[in-house]
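# Topology and contacts: notes
Residues per chain, in single letters:
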Amino acid sequence: MAKKMHIKLTVNGQEEEFLAEPRELLIHTLRERLNITGPHIGCETSHCGACTVTVNGKSVKSCTMFVAQADGADVTTIEGLGSPDNLHVLQRAFKENHGLQCGFCTPGMITRASKLLEENPNPTEEEVRFGMAGNLCRCTGYQNIVKSILAAAAELNSAKEAAE
C-alpha cells in the first residue's frame, strides 16, 4: 500500500482535510470520501465529461486527476453552483428548456457550461457546441442543451445590462 499524503482542498467553499493515497482519483475523493455525488463516473477515460468539475478556475475531468494534483486547490462541483431553493441560472435554463433527459450528464454539462459562459459571456450557437464538445450526452441530441446554455447567457447578459 502506498504511503498516504496529507491533502487539503476547498470544495464548494468548504475546507476539507484528509489523508489519501497519491493515486486516488479526484472523482473518487469527491464521491466516496466527501459524499459529493453530483459529478458522475461515466467512462473513466476522460471522454464523456460526466465527471467535470472546476479546479482553480479551469474545467477538469476529475476521473483523470489525482487528488494529490488537486492538493491546495479550490474545487467547484454542481453542488457549489446552486441549491434546490436557489437554482443557478444554468440549472433553471436546463429545467425550462428541457436540456436534460436521463440527467446523468447534466452535472458535468452545467459545470462546464458555467465556465464556458465565464470565458465567453455571449457565445454563438457554434461556440457553445465547440465549447461543450468534451461533454457527451446519449439522450438529447444536444439541441436543447445548446438552447439552455444560450438562454442562460441571455439571462445573465440582461441582468448585467440592467445592473449597469
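Residues numbered from 1 in each chain as written. Predicted model: local features only at pLDDT ≥ 70, side-chain atom pairs only at ≥ 80, totals over all residues. Heavy atoms only, no water.

### Quick notes on the overall build of the protein
The test is simple: Going along the chain from the N terminus, every DSSP run of H or I of four or more residues is numbered as a helix, and every run of E of two or more is numbered as a strand. Between the two quantities, the radius of gyration covers C-alpha atoms and the globule rule is 2.2 Å times the number of residues to the power 0.38. To sort residues, take the accessible area from a 1.4 Å probe on protein chains only and compare it with the maximum for the residue type: under 20% means buried, over 50% means exposed, and anything in between is partly exposed. Whether two residues touch is decided by their heavy atoms; if any such pair falls within 4.5 Å, the residues are in contact.
A count of helical and extended segments in the protein gives 5 helices and 5 strands. Taken from the N to the C terminus, the helices and strands of the protein come in the order β-β-α-β-β-β-α-α-α-α. Scaling as 2.2 N^0.38, a compact globule of 164 residues should have a C-alpha radius of gyration of about 15 Å, and the protein matches this with 16 Å. Taken over 164 residues, the protein has a buried fraction of 44%. Taking the contacts inside the protein whose residues are at least 6 apart along the sequence as the reference set, 55% of them involve residues at least 24 apart.

### Re the environment of glutamate 24
Examined against the element boundaries, glutamate 24 turns out to sit in the loop between strand 2 (14-20) and helix 1 (26-33). Take glutamate 24: its relative accessible area is 18%, and that puts it in the buried class. Put simply, glutamate 24 and valine 67 are 43 residues apart on the chain and 5.8 Å apart in space, counted from C-alpha to C-alpha. Once residues within four sequence positions are removed from consideration, glutamate 24 is found in contact with Thr29, Arg33, Met65, Phe66 and Val67.

### With respect to the side chain of asparagine 135
In plain terms, the rule: The term polar contact refers here to a pair of N or O atoms within 3.5 Å; inside protein, the definition further demands a hydrogen-donor-capable atom paired with an acceptor-capable atom, and it admits residues adjacent in sequence only when both atoms are side-chain atoms.
Examined against the element boundaries, asparagine 135 turns out to sit in the loop between helix 4 (125-131) and helix 5 (143-163). Within the local environment of asparagine 135, its side chain forms a polar contact with the backbone oxygen of glycine 108, the two atoms lying 3.3 Å apart. In contact with asparagine 135, not counting residues within four places along its chain, are Cys48, Gly49, Thr52, Gly108, Met109, Arg112 and Tyr142.

### Considering the sheet that holds strand 4 (residues 58-61)
Let me state the cut-off plainly: Being paired, for any two strands, means DSSP has found at least two bridges between them. Note on definitions: angles span 0 to 180 degrees between N-to-C directions of axes, and those axes are lines fitted to C-alpha atoms, for helices only across the stretch in contact.
The strand order across the open sheet built from 5 strands is 2-1-5-3-4, with neighbouring strands paired in mixed fashion. The open sheet has two edge strands, strand 2 and strand 4, and neither has a second partner. For this sheet, the mean angle separating the axes of adjacent strands, direction not counted, is 40°. With 7 bridges joining them, strand 1 (residues 5-11) and strand 2 adopt antiparallel strand pairing. The partner of histidine 6 across the bridge, within strand 2, is leucine 19. Lying on the sheet, helix 1 is in contact with strand 1, strand 2, strand 3 (52-55) and strand 5 (74-76); it crosses strand 2 at an angle near 105°. Along the sheet, helix 3 (residues 106-119) makes contact with strand 3, strand 4 and strand 5, crossing strand 3 at roughly 35°.

### Examining the domain arrangement of the protein
By a widespread convention, an interface's size corresponds to the accessible area lost as its parts come together. Heads up, the condition is: Where each domain begins and ends is defined by an automated method or by a domain database. Once two parts are brought into contact, the accessible area they lose, counted with a 1.4 Å probe and summed over both, makes up the buried area. Here, a salt bridge means any Lys or Arg side-chain nitrogen found within 4 Å of an Asp or Glu carboxyl oxygen.
What the domain assignment lists for the protein is domain 1 (5-80) and domain 2 (89-163). Spacing between the C-alpha centres of domain 1 and domain 2 amounts to 22 Å. With 18 residues of domain 1 at the interface, the matching set in domain 2 holds 12 residues. Taken over both partners, the interface formed by domain 1 and domain 2 buries close to 1,200 Å², and the fraction arising from carbon and sulfur atoms is 56%. Together, His40, Cys48 and Ile78 form the three largest contributors to the area buried by domain 1 at its contact with domain 2, with a combined 40%. Inspection of the region where domain 1 meets domain 2 yields 0 salt bridges. The tally of links from domain 1 across to domain 2 stands at 7 residue pairs in polar contact (both at pLDDT 80 or more).

### Structural notes on the nonpolar core
Stated formally: What is meant by a nonpolar core is a set of buried Ala, Val, Leu, Ile, Met, Phe, Trp, Tyr and Cys residues, joined one to another through side-chain atoms within 4.5 Å.
Residues Leu90, Phe94, Met109, Met132 and Ile149 are the most contacted members of the largest nonpolar core, which totals 20 residues. Broken down by secondary-structure element, the contributors of at least two residues to this core are helix 2 (89-96), helix 3 and helix 5. Beyond its immediate stretch of four places on either side in the chain, leucine 90 contacts Ile110, Ala113, Ser114, Leu117, Ile149 and Ala152.

### Focus: the environment of valine 67
By secondary structure assignment, the location of valine 67 is in the loop between strand 4 and strand 5. Considered as a pair, valine 67 and glycine 108 are 41 residues apart in the sequence and their alpha carbons are 18 Å apart. Apart from residues lying up to four places away in sequence, valine 67 is in contact with Ile7, Leu9, Phe18, Ala20, Glu21, Glu24, Leu25, Leu26 and Thr29.

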